[in-house]
Structure formats: C-alpha cells, structure tokens
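Single-letter residue listing:
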Amino acid sequence: MRKILTLLAVIMSLAFTSQGQMKTGKISGVIKDGNQKTIQAATIMLLKAADSSVVKLSVADKDGNFQFEGIPEGQYLVSVTAIGHTKEYSPNFDISEAGENVDLKTIELVPEVKSLQGVTITSKKPFIEQKIDRMVVNVEAAVSNVGTSALEVLEKSPGVTVDKDGNISLKGKQGVQVYIDGRPSYLSGADLANMLKNMSSSQLDQIELMTNPPAKYDAAGNSGIINIKTKKTKQFGYSGSISSTWSQGRYPKVSESVNFNYRKNKVNIFTNLGYSNRKNFQNLDIQRKFIEFSSKELKSRFDQESRIIESGKSYNAKLGLDYNASKNTTLGFVLNGFYNPGVFGNHSDVFISDPNNILLSETKASTSNNRKWENFSSNINMRHVFDSTGTELTMDADYLNYTSTNAQDLVNAYYDQVGMPTYKADTLLGHLPQDISIYSYKADFSKPLKNGAKFEAGVKTSYVKTDNNAIYDSLNYGVLVPDLGRSNHFIYKENVNAAYANFSRPLSKKVFAQLGLRVENTHAQGDQVTSNEKFDRKYTQLFPTAYIQYTVNDKNSFVINYGRRINRPDYSDLNPFIMFLDKYTFEQGNPNLKPQFAHNIELSHTYKGFLTTTLNYNKTTDIITDVLEQNTDKNETFIRKQNVASQRQYGISVAGGGPIKKWWSMNVWLNAYNNLYEGVVNGDNISLGATTGQANISNQFKFDGGWSAELSGFYTTPMVEGVFEVKGFGMMNMGVSKQVLNKKGTIRFSVRDLLNTQKIRGTSQFSNIDAAFQQTRDSRQFAIGFSYRFSKGKAASAPKRKIGGADTEQNRVKVDGN
C-alpha cells in the first residue's frame, strides 16, 4: 500500500510542479451582438485547434470583455455561446514559445429567434464520429435503426459482436462493460443482452465506444467501455418527442416511447417512458461426438434440434431533476425502473446414435421458464464549479436493486429407435428467486493548471450483495420430491474501494501527454449455504494509463496509449447452481473463478480529421471463457466458465467517413486482428488461433423534399472466441425516411438483415470434445415507425455533467428478459 500511495503522490506532485516550467501568454477579447451592443455573461471556451478539446472556460463581464491567462505555446481558437444568439468561433491563432499577449478581433454573435414555438430545428449528424479517445455512433442518423432494440443497434455498430448467447465483444475481445448515460448497467452476458433487447432504439441518442478509457473510469472491462446515451434536451421551456414502431419478422413486435423535458429558471425536469412487446424465435441445432477421454474412442453420437420461442413485455421509466442552487452549484437526482415479464419456451428432439450412426434412442424435451425481472435504481448528484478556470467537484451516490422470479419446468419423454416409449417421463420443477442490491458512492475533482495542464483525482466505493436460491423438485407420480443434488443457495458479497489521479499537459507545441493511475482494492466473499462451503478473497491492484499525442501538422496527428484492465467474474457465474436447456444440456457456475487482467496498447494516426488508422496489441491472462465438459456415460454436456488460458491479440483498424457527393455520405470501418488462445482445458494443452476480418459500411443519402435513405451492412470472417471457432456471418440493412408535418414528424421504413444472412455456425474441438452448432433467429425484420417532436421555449446551453457513479458493478448482473 505504501508503494501505491507513493505512485499517486508522484502524479500529484507532477501536477503542481508543472507550473512555471514554460513561458505563457494571455488572450483577451470582447463580445458584441450584431447591433454592436456588448453581451455580458457570454460563455467563452478556449479550444485546442488540433482536436477542439477544451483548455479553459471563462465568462464575459458586463462590458463583454474576457481574458485567459497562463496559456502555454500552441495553436488555439475561441468559441462563444450566449442565450438568444448563435454560436460563433474566432479564427485560429498561435501562442509562441516566448509567450505573448493576443488581442482577438471583436467577436459578433448573431441574434436568433427567441421563441421556438411552432418551429422544429433539425440537424443531420453523421452516423459515425471518430474522436481522439472514442468512436461515437449517432443512432437516429441510420434509418434502419427504426423499430430495433438497443442490442440490435449495438450489433451493427463498428467493432461490436454479439455471440449466440448474447455475450458482447468489442474488436474481437470479450469482457466489455456497458454503461447507460455514464452509469454502469451492472449487467453482463446473456442477461445484459436481454435487458438491451427490451430497450427501444427510439430512446437512444448516441453510443460511445472506448477501447482504452482513462484512469477516472473503473478499471473493469477487458476490451473497454460502451456508453449508451439516452435522449435528453437542454432547452428552456418544454420539448419532447413521441414515437411508435411496428415491426414484423416471423412474429410481430411493437415499441413505443415518450421523452419530455421542461426547463424554467433554476429547474430542469426530464422523463422517459417506454413500452415494448416482442416475440422472437431461435433455432439451435447441436451435433456432438462423445469420446472416451483416455482411449479417444468414439462411444456415441448426439444430435439435438431445439426450437425456442421467447415472448415478453417491457415497461421502463426514468425521471430526473436538475436544480441550479446557485451560479456555481447544481444538484440533481435520477430515478429509473423497469418491469420485464416474459416466457421462454424450448422444445428439443434429441437423437442418440452409436458410433456407426445407427439410432439408439430419442428424447423429447420441453422446457418452460416463466420469469419476471424488476429493477429500481436511484442517483443523487452534485456539481460545484469553484472558479472561472473550470475547477470543479462532482459527487454521485447510487442505489440499485434487482429482483427476479423464475419458475422453470423441464419434462423429458423417452422413446426407442422406432418411436415407442421406453421409460416413464420425468419432470423437474425449479424455483429460482434472485435479489441483488448495489450501493455506490464516488467523488471526482478536476482543476486546470497553468501552462495548459490539468489535474484530476477521485475516489469511489461500492458494495454489492447477491442472493440466489435455486430450489429444484422432481415430480414422481404426482408427488413433489425435493432434488437436493441440484438445489443450491448462494450468497455473494463484494466491496471495491478505488482511488485515482490523472495529470495532463502539453510538453511542447506539438506534443500533449496524459498520465493516470488507478488503485482498486477488492474484498469478495461467497457462501454456499446449502453445502456450507465458503470463500473469502482480498486483492489490491494498480491500473496505470498513459496517452501521448503528437500533432505533426494540421493534416497529421498520432496518439499512443496504454492501459491495464481487469474483468471480474459475473456474479451469477460464481454461483454453482444449474440452468437447464434440456436434460442433456445445461450450464453451471464456478465459485473458483478468478479475475482476468489485460494490457492494452494502441497507436493511432489521423489524417485530415476524417481517416483514422489504429494498431493495437492486447495480452490477457487467466481469461474467463465458456468451456464444454462432457459425461460420456450419460451423454451429458454442460458449460462452465473457467480461467483456462491466456489470450494474445494484435490487429489494425481503419475508420473513415465523409461526404462523397452533396447528397451522399459514407462511413467505412475495417478491422483485422489475430487472436491466439493458449492454456490447459480438461487436462489437455490447447492452442487455438485465427486471423479475423471485420467490415462495417454505412451509406446515408439525403434528397429534396425531406427524403433520406440508408444502405448499410457488416460482415465478419471466421473467428475464434475461446474454445469456439465461429464461421463468417453478416447482414445488410436498408431504410427510407420522410419528414412530414412541417418537419416535426418523421416516417421511417426499414428492413433489417435484408438477405437473411445472419446465421451463426461454429465448432469446438479440443481434448475429448468434438461439437458443432448452427443458430438462426428472427433477424430479418420489416419495420415502419413514426416520431413527432414538439417544443416551446428558447434554446439554451447547459454544462455537461456525467450522471451517475456506479461504474462497473451493474455490468456483472445477469437479468433475464426477452
């Protein structure tokens, strides 16, 4: 701990000793409106010319004057905003190494129409925006997103892959953390995917993809962070939107949402309501060869055909309030909740044959899960700005609770090779309640320093308790008999305490550096109440980050960054209870899982701000992945998470986009990487590797009369994920939209997976495991939607604040949904 504190102290000392090492200049100017009247209280931002990042903030005095002091050498520009006026920028200017004073020409702001009643202001954002530390996907820019879920929007985002079980990968690496409005979802795996299925795309504004987040973010997430930002306006008066979508695949689906925002004087109230009713199918075929472990002799063949139907509804709501207690202090709260009832049904035909493929028996299995998930989350927050330089303190406190009930029925009927019953059918009944409580508090401090430097520091603590109780009973001639061998009660508690420090500053006119260090202490306790087995683990880890940006000229810049990450096991993956697909196929948790650690390095080059090429290298140890285990005598296969191997990845990606013609713009993202997994599985050494290519292309067309269109798609070549080799897959999407009702309304029509090509196929071959699978689902959908925007009031800008402080824990909750 002494070494940790010493490292944090070094960063802090660098921050405060950096002042005075470079000569600095002063910038001054005056703001007037188009009638040559001075404007007071205008907000002035000093920006770096290279990437428009904010260096300092200031407010004009009563005479419209402003100034910035202590500005190091470099190229800058100034942006000015004021209520009732359009935003304006100054020309670029330089501060030389010798330091100098710069007097800017008078900046004139153009008055805009005060009342927005009856007027709808629309702006067309590009589908993809590439920024220095993240890629941004603007959801509404793609017409084909209409009628889809948040998961389907993610699935077509550059670099994002969703496997057959709903696990999300980013650039070929699993372990991504998903945030909602800057707050962690606390969900993971298939259950995170189920929650995202119930979130309509009409509620989304942007998706941010960060492969190497800085030290202020939690260190969790092997492959980085995906932040899903929902809609929220910052306008005086009221504004909002309503939307309704009907889509048709094999089954119909409906989603509706309402967004509303009201801002007056010191109070801003916002709310979001959503409803969806969805029904989907999934066909899953599995072929297995059961091989005796020692002799490697083929004992039997297993063919399984599963037909799955999921249906369910989702009701979700958000209510928030921001209150400007003073000029420098903002208080707020946010309440969220959802209720997701649903039914999962599976009918499987299992054919067991001898090594010569002669049928021996057939089992017909029927599984039904009636489940309900409820969530309530709350956040209170505070933001205080100390001075005009931008020194600020933010604090967040969060409480979240998830409760679920899951009634599971599994019935198996047995037949011989000619279809005659052989044994009495058996029935297994399961009751699986779950309760998860999460508490989190965090505080972040930020202070701009002289010479363009900036110091950030913060602390966070979180406490999680999960209570999982799996109660199974067998039905024997109408009598319930407790199945103690399958039942289990598991309680898990986890406390994570963290602190970080981050320091950034320009080293010269062309070089900018940022150094960060995060320390996290984890205390995890598990209690298997049924068997009285317990574990108690404590560990402390350091997570350094470093960024260096070199601006060659106005056309070329380079960024190199490094970060160490951790991926802790999902809460339910530590629970050894059994979840059945049928009698022969089930999933079981592993209380002996350890966290996995990753080192990530990236080197990026940006040309003219539109073309970015990135080289990346990743090394992950104790990787957590699904492993197949078999009982050859019983023809059983179960999936268990294990720390089985290390993963090495290197790759290259290219992202570019912009207008091709006045009416046509295109975004292209290409990625190629090589994954290698090495380790010991089921007692045998494995080495699995593959080189994979990914392509994501989006074309946006804009025509006269309010018409626009989209043609987009993605394709992934064969790849390796843990012990699974997955064949190539992809999809094509198209859509058309038309603005109506004085541009307040929009009608959209889209087709997702136009050619019905999103079929997932794969194999797993290692040790005595030889299996193959094929999966199809309700991916081709036709949708038509209508949205209407309304507003009355004046445009206004508001300080940007990250809402929420529970940064990681929610990603590791698994929520059943539909």
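About the cut-offs
Residues numbered from 1 in each chain as written. Predicted model: local features only at pLDDT ≥ 70, side-chain atom pairs only at ≥ 80, totals over all residues. Heavy atoms only, no water. Helix = DSSP H or I, 4+ residues; strand = E, 2+ residues; numbered from the N terminus. Buried < 20%, exposed > 50% of the residue type's maximum accessible area, 1.4 Å probe, protein only. Contact = heavy atoms within 4.5 Å. Areas by Shrake-Rupley, 256 points an atom, 1.4 Å probe, with all protein chains shown as cover. Pairing = 2+ DSSP bridges. Core = buried A, V, L, I, M, F, W, Y, C linked by side-chain atoms within 4.5 Å. Phe/Tyr/Trp six-rings, centres within 6.5 Å; stacked < 30°, edge-to-face > 60°. Lys NZ or Arg CZ within 6 Å of the ring centre and 35° of its normal. pLDDT = per-residue confidence, 0-100. Salt bridge = Lys/Arg side-chain N within 4 Å of Asp/Glu carboxyl O. Patch = residues over 30% accessible without salt bridge, like charges linked within 9 Å, V, L, I, M, F, W, Y side chains within 5 Å. Polar contact = N/O pair within 3.5 Å; in protein donor to acceptor, adjacent residues only side chain to side chain.

J.: Give me the lowdown on the overall build of the protein, citing residues and values where you can.
T.: Counting its regular elements, the protein contains 3 helices and 48 strands. Out of the 818 residues in the protein, the part that is buried amounts to 55%. Put simply, of all contacts in the protein between residues at least 6 apart along the chain, 68% involve residues at least 24 apart. As displayed, the protein offers around 34600 Å² of accessible surface, 57% of which is attributable to carbon and sulfur atoms.

J.: Quick rundown of the pairing of strand E24 (residues 359-385)? Include the residues and the values.
T.: With 25 bridges joining them, strand E23 (residues 329-353) and E24 adopt antiparallel strand pairing. Bridge assignment links Asn346 to a residue of E24, and that residue is Thr367. In sequence, E23 turns back onto E24 through a hairpin of 5 residues, with Asn357 there showing a positive phi of about 65°.

J.: Lay out the nonpolar core with the relevant residues and their values.
T.: Judged by nonpolar contacts, the single largest core of 40 residues is most densely connected at Leu154, Ile168, Leu196, Ile207, Ile226 and Ile228. No other element matches the 4 residues that helix H2 (residues 150-155) contributes to this core. In contact with Ile226, other than residues within four places in its own chain, are Leu154, Val160, Ile168, Val176, Gln177, Val178, Tyr179, Ile207, Glu208 and Leu209. Of all hydrophobic cores here, the second largest spans 27 residues; its members include Leu628, Ala690, Phe766 and Phe773.

J.: Tell me about the environment of Gln67, and name the residues and values.
T.: Its place among the elements puts Gln67 in strand E4 (residues 65-71). Along the primary structure Gln67 and Val30 are separated by 37 residues, whereas in three dimensions their C-alpha atoms are 8.8 Å apart. Discounting chain neighbours no more than four positions away, the residues touching Gln67 are Lys26, Ile27, Ser28 and Ser58.

J.: Lay out unusual backbone geometry with the relevant residues and their values.
T.: A negative phi angle is the norm for most residues apart from glycine, just as the trans form is the norm for most peptide bonds. In the Ramachandran plot, Asn265 falls in the positive-phi region, its phi being about 55° despite a non-glycine side chain. Note that Asn265 resides in the loop between strand E20 (252-264) and strand E21 (267-291). Residue Asn265 is classed as exposed on the basis of its relative accessible area of 60%. Phi is positive for Leu741, close to 55°, though the residue is something other than glycine. Tracing the chain through its elements places Leu741 in the loop between strand E44 (729-740) and strand E45 (745-752). The exposed category is assigned to Leu741, whose relative accessible area is 53%.

J.: How would you explain the packing of aromatic side chains if you had to name every residue and give the values?
T.: Under the criterion given, the structure shown has 25 aromatic pairs. Aromatic side chains Tyr414 and Tyr423 sit 6.1 Å apart centroid to centroid with 80° between the ring planes, which places their arrangement in the edge-to-face category. Pairwise contacts between aromatic rings join Trp663, Trp664, Phe701 and Phe703 into one cluster. The lysine or arginine in question, Arg537, covers the ring of Phe535, its NZ or CZ lying 4.1 Å from the ring centre.

J.: Explain the confidence of the model for the protein residue by residue, including any values.
T.: A low pLDDT means the predicted coordinates there should not be read in detail. When pLDDT is averaged across the protein, the result is 83; 85% of the residues are at 70 or more. Of the regions scoring below 50 in pLDDT, residues 1-5 engages in 3 contacts with residues more than four places distant in sequence or in other chains. Of the regions scoring below 50 in pLDDT, residues 796-804 engages in 34 contacts with residues more than four places distant in sequence or in other chains.

J.: So what's going on with the pattern of salt bridges? Which residues, and what values?
T.: Inspection of the entire model under this criterion finds 16 salt bridges. Two residues, Arg518 and Asp218, come together in a salt bridge whose shortest N-O distance is 2.8 Å. Of the two residues, Arg518 sits in strand E31 (residues 511-528) while Asp218 sits in the loop between strand E17 (204-210) and strand E18 (225-230), which places them 300 residues apart along the sequence. For the residue pair Arg518 and Asp218, the accessibility class agrees, reading buried in each case. With a shortest N-O distance of 3.2 Å, Asp349 and Lys364 are connected by a salt bridge. Taken together, the residues span a long stretch of sequence, with Asp349 in strand E23 and Lys364 in strand E24 at a distance of 15 residues. You can call Lys364 partly exposed: its relative accessible area is 37%.

J.: Describe a nonpolar patch on the surface, with residues and values.
T.: A cluster of nonpolar side chains, Ile548, Tyr550, Phe558, Ile560, Ile601, Leu603, Leu615, Tyr617, Tyr650 and Ile652, forms an exposed patch at the surface whose accessible area comes to about 850 Å². If you list the elements that add at least two residues to the nonpolar patch, you get strand E32 (533-551), strand E33 (556-567), strand E36 (596-607), strand E37 (611-631) and strand E38 (636-661). Along the chain, Tyr617 turns up in strand E37. On the basis of relative accessible area, Tyr617 is assigned to the partly exposed category, the value being 36%.

J.: Please set out the environment of Leu475 residue by residue, giving values where relevant.
T.: Among the secondary structure elements, Leu475 is positioned in strand E28 (residues 454-476). The class of Leu475 is partly exposed, set by a relative accessible area of 31%. In the structure, Leu475 is positioned 49 residues away from Asp426 in sequence and 7.0 Å away in space, judged by C-alpha atoms. Not counting residues up to four positions away in its chain, the partners in contact with Leu475 are Thr427 and Leu480.

J.: I'd like to hear about the environment of Ser440, residue by residue, with values.
T.: Of note, Ser440 is situated in strand E27 (residues 434-448). With a relative accessible area of 6%, Ser440 lands in the buried category. Taking C-alpha positions, Ser440 is 8.7 Å from Val464, a pair spaced 24 residues apart along the chain.

J.: Can you explain the side chain of Thr692? Please cite residues and give values.
T.: In this fold, Thr692 is placed in strand E40 (residues 684-702). A distance of 3.0 Å separates a polar side-chain atom of Thr692 from the backbone oxygen of Pro718. Excluding residues that lie within four positions of it along the chain, Thr692 makes contacts with Asn671, Ala672, Tyr673, Thr716, Thr717, Pro718, Met719 and Val720.

J.: Could you give an account of the pairing of strand E25 (residues 392-416), with specific residues and numbers?
T.: Sheet topology places E24 next to E25; 25 bridges connect them, and they run antiparallel. By the bridge assignment, Ser361 is partnered in E25 with Asp416. Hairpin connection between E24 and E25: a loop of 6 residues separates the two successive antiparallel strands, and Gly390 in this loop has a positive phi of roughly 105°. Looking at chain direction, E25 and E27 are connected through 13 bridges and run antiparallel. Following the sheet pairing, Leu393 is matched in E27 by Phe445. What sits between E25 and strand E26 (residues 421-431) in their antiparallel hairpin is a turn of 4 residues, with Gly419 showing a positive phi close to 90°.

J.: Residues and numbers for the side chain of Thr614, please.
T.: Mapped onto the fold, Thr614 is located in strand E37. At 2.9 Å, the side chain of Thr614 forms a polar contact with the side chain of Ser604. Thr614 has contacts with Lys171, Glu602, Leu603, Ser604, Gly651, Ile652 and Ser653, leaving out every residue within four places of it along the chain.

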